[in-house]
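# Summary of structural features
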Amino acid sequence: MTKYRVNKTKHVDQTKTISFDFDGKSYHGFEGDTLASALLANGVHLVGRSFKYHRPRGIMSSGSEEPNAICQVNEDTDLTEPNVRATEIELYEGLKASSQNCWPSVKFDIGGINNFISPFIPAGFYYKTFMWPKSFWKKIYEPLIRWSAGLGKSPTKPDPELYDHKHVHCDVLIIGGGISGIIASKISAKNNLKTILIEDKNILGGSTIFQKNENYKINNKYSSEWLNEEIAELKKLDNLTIKTRTSLAAYHSYNYLLAKENISDHLPLEKRNGDIRQRLWKIRADKVIVATGAIERPLVFNNNDRPGIMLSNSVKKYLDFYGVSCGFNNVIFTNNDSAYETAVSFKEKGISVEIIDIRKKSNSKIVKNAEKLGVKIYWNSTIVNTLGHRKINSIEIMNLSEDGSNVVGDKKRIKCDCLAISGGWTPMVHMHTQSGGKLDFREIDQTFIPNEIDENHINVGSCNGDFELEDIIKNTNNKVKNFLKVSESEFDNTSVLNSKELDKRNIWLLPNFISEGKCKSFIDFQNDSTAKDIKLALREGFKSIEHVKRYTTTGMATDQGKLSNMHALGIIADTAGVKMGTLGTTTFRPPFTPLTFGSIVGRSVGKFFDTIRRTSIHEWHSQNNAKFENVGQWKRPWYYPINDEGLHDAVQRESKAARDSAGILDASTLGKIDIQGTDASEFLNRVYTNAWSKLGIGKCRYGLMLNEDGMVYDDGVTTRLGENHYLMTTTTGGAANVLSKLEDYLQTEWPELDVYLTSVTDHYSTASICGPNSKKILKKIFPDKDFSDDAFPHMSYQNGKIDEINCRIMRISFTGELSYEINIESKYGKSLWEKCIEAGKEFKITPYGTETMHLLRAEKGFIIVGQDTDGTMTPIDLQMDWIVSKKKYDFIGKRSLYRSDTIREDRKQLVGLLTDDPNEVLEEGAQIVSDINKKPIEMIGHVTSSYFSPNLNKSIALAVVKSGKKMNGQKLIVPMENKNINVIVSDSVFLDKENKRINA
Amino acid sequence: MFLINCPYCGERDQSEFSCGGEAHIIRPKQPTELSDDQWAEYLFMRKNIKGVQFERWNHAHGCRKWFNMVRDTKNDKIHAVYKMGEKPPVE
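Residues numbered from 1 in each chain as written. Chains lettered and ligands numbered in written order. Predicted model: local features only at pLDDT ≥ 70, side-chain atom pairs only at ≥ 80, totals over all residues. Heavy atoms only, no water.

## Some thoughts on the overall build of chain B
Condition: Helix and strand definitions here come from DSSP, where helices need a minimum of 4 consecutive H or I residues and strands a minimum of 2 consecutive E residues; each element is numbered from the N-terminal end. Accessible area is worked out with a 1.4 Å probe on protein chains only. A residue is then buried under 20% of its type maximum, exposed over 50%, and partly exposed in between.
Helix and strand content of chain B: 1 helix and 6 strands. Element order for chain B, N to C, with α for helix and β for strand: β-β-β-α-β-β-β. Here the C-alpha coordinates of chain B stretch approximately 45 × 30 × 25 Å along the principal axes. Counting over 91 residues, chain B shows a buried share of 34%.

## Examining the interface of chain A and chain B
Our working rule: Contacts are assigned to residue pairs that have any heavy atoms within 4.5 Å of one another. Accessible area that two parts lose when put together, with a 1.4 Å probe and added across both, is what the buried area reports. Salt bridges, as used here, are contacts in which a Lys or Arg side-chain nitrogen is within 4 Å of a carboxyl oxygen on Asp or Glu. In the analysis that follows, any N or O atom pair within 3.5 Å is treated as a polar contact, provided that within protein one partner can donate a hydrogen and the other can accept it, and provided that, for residues neighboring in sequence, both atoms belong to side chains.
Each partner contributes to the interface: chain A provides 27 residues, whereas chain B provides 28 residues. On the chain A side of the interface with chain B, the three residues burying the most area are Y254, Y889 and R895 of chain A, jointly 28% of the side's total. Our enumeration of links across chain A and chain B arrives at 5 salt bridges. D744 of chain A is the partner of R56 of chain B in a salt bridge, and the nearest nitrogen-oxygen pair spans 2.7 Å. Across the contact surface, chain A and chain B share 20 residue pairs in polar contact (both at pLDDT 80 or more). With 8 residues, helix α20 (residues 735-749) of chain A is the single largest residue contributor to the side of chain A that touches chain B.

## As for the packing of aromatic side chains
The line we're drawing: Each aromatic pair joins two rings of Phe, Tyr and Trp (for Trp, the six-membered one) with centres within 6.5 Å, and gets the label stacked for planes under 30 degrees apart, edge-to-face for over 60, and tilted for any other angle. Two thresholds decide whether a charge sits over a ring: the Lys NZ or Arg CZ must be within 6 Å of the ring centre and within 35 degrees of the ring normal.
As enumerated under the stated definition, the model contains 26 aromatic pairs over all chains in all. On the numbers, 5.8 Å between centres and 90° between planes, the contact of F17 of chain B with F67 of chain B is edge-to-face. With F17 of chain B in the loop between β2 (10-13) and β3 (18-22) and F67 of chain B in strand β5 (residues 66-72), the pair connects residues that are 50 residues apart, well separated along the chain. With respect to burial, F17 of chain B and F67 of chain B carry one shared label: buried. Taken together through their ring pairs, the aromatic side chains of F210, Y318, F321 and Y322 of chain A make up a single cluster. A cation sits over an aromatic face here: K317 of chain A above F321 of chain A, 4.9 Å from the ring centre.

## Some thoughts on the sheet that holds strand β2 (residues 25-31) of chain A
All names here are of chain A. Defined as follows: Pairing between two strands is assigned when DSSP locates at least 2 bridges connecting them. The axes are straight lines fitted to the C-alpha atoms, using for helices just the contacting stretch, and the angles between their N-to-C directions are given from 0 to 180°.
Sheet architecture is open: 5 strands sit in the order β2-β1-β7-β5-β6, paired in mixed fashion. Edge positions in the sheet fall to β2 and β6 (81-85), since each has one partner strand and no second. The sheet shows a mean angle of 45° between the axes of neighbouring strands, taken without regard to direction.

## Focus: the sheet that holds β5 of chain B
Residue and element names in this part refer to chain B. Taken together, 4 strands build an open sheet; the order of strands is β3-β4-β5-β6 and the sheet is antiparallel. Where the open sheet ends on each side, the last strands, each with one partner, are β3 and β6 (77-83). Going across the sheet, the axis of each strand differs from the next one's by a mean of 30°, ignoring polarity. The sheet contact formed by β5 and β6 spans 6 bridges and is antiparallel. For N68, the partnering residue across the bridge sits in β6 and is Y82.

## Things to note about the packing of helix α12 (residues 531-539) of chain A against helix α14 (residues 565-576) of chain A
Residue and element names in this part refer to chain A. Stated precisely, the cut-off is as follows: Any angle that is under 35 degrees is reported as roughly parallel, and any over 145 degrees as roughly antiparallel; angles of 65 to 115 degrees are reported as roughly perpendicular and all others as oblique. Each crossing gets its hand from how the near helix is turned against the far one by less than a right angle, where anticlockwise is left-handed and clockwise is right-handed.
Relative orientation of the contacting elements α12 and α14 amounts to 50°, with a least axis distance of 10 Å. Of the possible angle classes, the one that applies to α12 and α14 is oblique. Along this stretch, α12 crosses α14, giving a crossing that reads as right-handed. Mapping the contact onto sequence places A531, I534, K535 and L538 in α12 and A568, I571, I572 and T575 in α14.

## Brief notes about the environment of V367 of chain A
Residues and elements named next belong to chain A. Relative to the helices and strands, V367 resides in helix α9 (residues 365-372). Judged by relative accessible area, V367 falls into the buried class, the value being 0%. For V367, the contacting residues outside a window of four places in its chain are D337, Y340, R359, S362, I377 and W379.

## A word on a nonpolar patch on the surface
Rules: Each patch is built from residues lacking any salt bridge and having more than 30% relative accessible area; the joining distance is 9 Å for like charges and 5 Å for nonpolar side chains (Val, Leu, Ile, Met, Phe, Trp, Tyr). Surface accessibility in these figures is a Shrake-Rupley result with a 1.4 Å probe; residues are shielded only by whichever protein chains are displayed.
On the surface, a cluster of nonpolar side chains totalling about 400 Å² of accessible area is made up of F597, I600, V601 and V605 of chain A. Mapped onto the fold, F597 of chain A is located in helix α16 (residues 597-601).

## Concerning the state of the cysteines
Working definition: the covalent bond between the sulfur atoms of two cysteines is a disulfide. The condition that has to hold: The disulfide criterion is simple: two cysteine sulfur atoms within 2.5 Å.
Scanning all chains against the criterion turns up 0 disulfides over all chains. Here C463 of chain A stays unpaired: no disulfide links it, and the sulfur of C170 of chain A, its closest cysteine neighbor, is 17 Å away. C63 of chain B carries a free sulfur, and the closest cysteine sulfur to it, the one in C9 of chain B, is 3.6 Å from it. Residue classification places C63 of chain B among the partly exposed residues on the basis of a relative accessible area of 29%.

## Quick notes on the environment of L95 of chain A
Residues and elements named next belong to chain A. Looking at the element boundaries, L95 is found in the loop between β6 and β7 (96-99). Using a relative accessible area of 1% as the deciding quantity, one classes L95 as buried. Spatially, the C-alpha atoms of L95 and L299 are 33 Å apart, while their sequence positions differ by 204 residues.

## Some details on the domain arrangement of chain A
Residues and elements named next belong to chain A. How we decide: Where a domain begins and ends is set by an automatic assignment or by a domain database. For this classification, Asp, Glu, Lys and Arg are treated as charged, while Ala, Val, Leu, Ile, Met, Phe, Trp, Tyr, Cys and Pro are nonpolar and the rest, including Gly, are polar.
Looking at the assigned domains, one finds that chain A contains domain 1 (13-129), domain 2 (162-294 + 427-483), domain 3 (298-423 + 507-513), domain 4 (515-592), domain 5 (616-669 + 765-789 + 797-860) and domain 6 (861-986). Listed by partner, the interface residues are 22 residues for domain 1 and 17 residues for domain 4. Taken together, both faces of the contact between domain 1 and domain 4 bury some 1700 Å²; the carbon and sulfur share is 57%. Taken together, the connections running from domain 1 to domain 4 amount to 1 salt bridge. Note that R57 and D528 form a salt bridge whose closest N and O atoms lie 2.8 Å from each other. Summed over the shared surface of domain 1 and domain 4, the number is 5 residue pairs in polar contact (both at pLDDT 80 or more). Here the residues of the side of domain 1 that touches domain 4 are counted per class, giving 8 nonpolar, 8 polar and 6 charged.

## Considering the pairing of strand β8 (residues 162-175) of chain A
Residues and elements named next belong to chain A. Bridge count for β8 against strand β15 (residues 276-290) is 13 bridges, and the pairing is parallel. Note on β15: the bridge partner recorded for L173 is V288. Both β8 and strand β9 (residues 195-198) contribute to a ladder of 4 bridges, which runs parallel. What sits directly across from L173, in β9, is I196.

## Observations concerning helix α8 (residues 338-348) of chain A
All names here are of chain A. Burial runs high along α8: 9 of the 11 residues are buried. Listed in full, the buried residues belonging to α8 are S338, A339, Y340, E341, T342, A343, V344, S345 and F346. Of the residues flanking the end of α8, it is G350, one or two places downstream, whose phi is positive at about 75°.

## Let's talk about the nonpolar core
This is how the line gets drawn: Put simply, a nonpolar core is a bunch of buried Ala, Val, Leu, Ile, Met, Phe, Trp, Tyr and Cys residues held in one set by side-chain atoms that sit within 4.5 Å of each other.
Among the nonpolar cores identified, the biggest contains 83 residues, and F20, L35, L39, I59, I179, I289 and Y318 of chain A are the most heavily contacted of them. M60, I175, V331 and M428 of chain A belong to the second largest nonpolar core, which has 45 residues in total.

## Some thoughts on the pairing of strand β5 (residues 70-73) of chain A
Residues and elements named next belong to chain A. Side chains of β5 alternate between two faces, with I70 and Q72 and C71 and V73 buried alike. Strand direction decides the pairing type here: β5 and β6, joined by 3 bridges, are antiparallel. Note on β6: the bridge partner recorded for V73 is E81. Here β5 runs beside β7; their pairing, made up of 3 bridges, is antiparallel. Within β7, the residue paired with C71 across the bridge is S99.

## Topic: the packing of α8 of chain A against α9 of chain A
Residue and element names in this part refer to chain A. For the pair α8 and α9, interaxial distance at closest approach is 9 Å and the crossing angle is 30°. Considering the angle they form, α8 stands roughly parallel to α9. Pair α8 / α9 crosses with left-handed handedness. Seen from α8, the contacting residues are Y340, E341 and V344; seen from α9, they are I366, V367, N369 and A370.

## A short note on empty space enclosed by the protein
All names here are of chain A. Note the threshold: Throughout, the protein atoms alone are placed on a 1 Å grid, and a set of points is a cavity if a 1.4 Å probe fits but cannot get out or a pocket if it is open with protein on both sides within 12 Å along at least five of seven lines; lining residues have an atom within 4 Å of a point. Grid points are joined across faces, edges and corners, and a volume is the space filled by probe spheres set on the points.
Evaluation of the coordinates by the stated rule reveals 7 cavities of 30 Å³ or more. Empty space within the largest cavity amounts to approximately 160 Å³. If you go around the largest cavity, you meet 16 residues; those closest to its centre are T426, P427, H430, M566 and F588. Counting residues per element, the lining of the largest cavity draws most heavily on α14, which supplies 3 residues.

Here it is as structure tokens:
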């Protein structure tokens, strides 16, 4: 046992030794220790350097509010985790942790020079410096800032751990397993309500669990003893789920809460077995009881940040819970009674302790108890300085003036190795405010307490501003009974004895004889903001707390200002001479403590990140060497390289084959919507720009769909299968949105129409065969069918059968070639495809992918919605006036086609572009200009599609150009980084304007 | 994260729904007879109230039905949910 381990407690098993590394040195602790308690047991206080001034910093607290002891865990692996609070790391065999924010080591830190140049780095220095000379920015300032910014190191490899999400519903959720949470849980569970209790520590009981003091008794037992018995009973209740190591991260509206459960972080590495590491609980609770307790406030005085300066109740927890004495010459600096419990605990173990109290007196029982034990108390005194470099070794105190605004008398120096500070308590109202709750300011102890209006959520215990044991038990009992509509509880007659605090005095910034400018009185320890910084911000004109916060960075570190926000507010109020209650607070945002990315994403990683959709023919594509491209969630064959062919060569070959003989494309991914109902034709009339009433049964028609603003939204071919039955196809990416949009109109604007929409995208697989030999191939597959142009003309459809299996054959073309699409139930997709390949063998049928499809349609000047359009193109802009019905009274977007903006003649319009050098292929997205000499150069358009056409043996491109319609034959320039490319505006149809091929 | 009482399915998590903006904007029956300004009023102008607001919602990952909702944007309290075509409740 190390000399600091002075006490045996039931919470730390001193028979089970655990070895761990901190900053490369080996130490021992025991089962039940946190990293912080084990380090303190080894006499290690110095655990890090501060962010800005690199001042030595020590462990300050014992919980999630810890600002200083933030560690890098497992630094030597690629899976290191930064910013973990040592106070929350349960010790396990093999733990390796190290200090952050110091180089080369925590004991000798080069950045410490910032401490000496601190007069030159005041609040907001980021905004004021690094401005000149300009040339310094790239080479000096930026690398320097990047090197010194940030806390800790990020892991470099993907996280191999498993994370989980769990959705739960309950009648009552209780947040916090301290005394009030336990009382609330018991009342709730015993009244037949499905109850969940979550607690962030590994055991229940809060700070009462280590309170063993004559002055605090419940039913005549020590409060800790009584609570232990309650917990034992609680664990037997059936409809109560207790989740320890589970911290609430967020409290959203309608009682939707997120909590993170730590499952394996406390286990030795070899016992984790690849189990789930953390689980995010997504809880929808009917009622929520917040019992998150309170955080002890520090005091703000000169040099209040040395290692060895700790929160008083944490010092007590280390002593009474972990059995570790943080020092042997202890001094307590307080403004309230709660710190006297710490003094009594020390004294009872024979450890030296003295008290500096800023109050003039206190006559409470606990103070008298301390005095009786011989604790020396310096009343009406304050600390004006602390000394000691890597750890505190002494303090200097002076008396306070009558009004507390100044110090008087002589300095007195007191030796100490631990200074426990207590500035009172701050209710943890984070959860209340996250849920949308407001706060009231209570003058008497300068606290913000919840103002409850939501009938489905209450706050109990010290997070509600009840700090005395008696108030906590009585008020929690009454409030919970009321909330859950319960008439009586077992706590109705609980007798409570506690020392009551009678005298209060609060000074946010303690006075000093040294001028304010020379004092280092820290408010935010993690971000190194001092009282001076706050005052500077006020002098520079910042008034709103939100502005002061951002300018000084107070409360913006990983601890989110749990210890600092109240002091910042208090000092602003005092300096500006306003009431603190009128200032309001900054906004508390989730998460309450940092969450791992792993717990947020859960199982949605790797192949579960998003749905992958594959066509029924996918396997054939894979076996035939297809390279795939993502189109929405679909995997579509991109091209099919032969041997080591690249994209360009494969596409040239595929394109040529499709036009010279036959090509085949898997078109299964196109969206397919089955439309039925007596008003189906009328419905199509309203959603497409062209007319549909006269389309014969068995005929196909291409349609353009607009948004109400007149812009092209989607396109596709729709086939009339029967009198009241159509099959609409949409773009692959637009399928879901088109269906939603059509449903919206049907349900909300035209409920009188008898139309039913069904998505059948996944129900049918489609093989699209094109090329001059396609008809011969179809003839082989359907030998009984007449494929003559008279019997089966372009833009028509017929039913067919392959081995008794029904299919639909559409003669439609997206390539400009003679082309057929065969639709078959998806389960037969692959065999259909293989049949087509077999039948096409003698014609060297060539499978082609999306890239070749894009090239072929560009040769023919067919647009792709989303590539050649971008949500600002009307059909008129696309030079597709022919598809806009003049006769129809109305269709979606019609009125917008003649708004003053849409009839402008200088809108960007779709044109073709040919390069002067036929081998020069333009870059898609390249800007287009007409006059390169006039500065600034006006960009008049951009390239939307560009390819080298093997069939035309030259480069072709589609582009949108201002007033492009009138520019046919005009020379334009496409300026690139190192050259200007000369182009000429052409028709957008490059191949077979006469449609000879389609009708071949 | 709201709990929305779909008029067809009952209470469901907000993640099942999508919001379709302001409710009770009726598509003009004779768009061609409107001036540019009148059409623009229908097409573009939407209220963005701090307070009680009438909204269209779609149970996108459920029954796919559209319905209307009255929500106070100050505190996200949902005052009423009703089917398309039904009269909005009087506040």
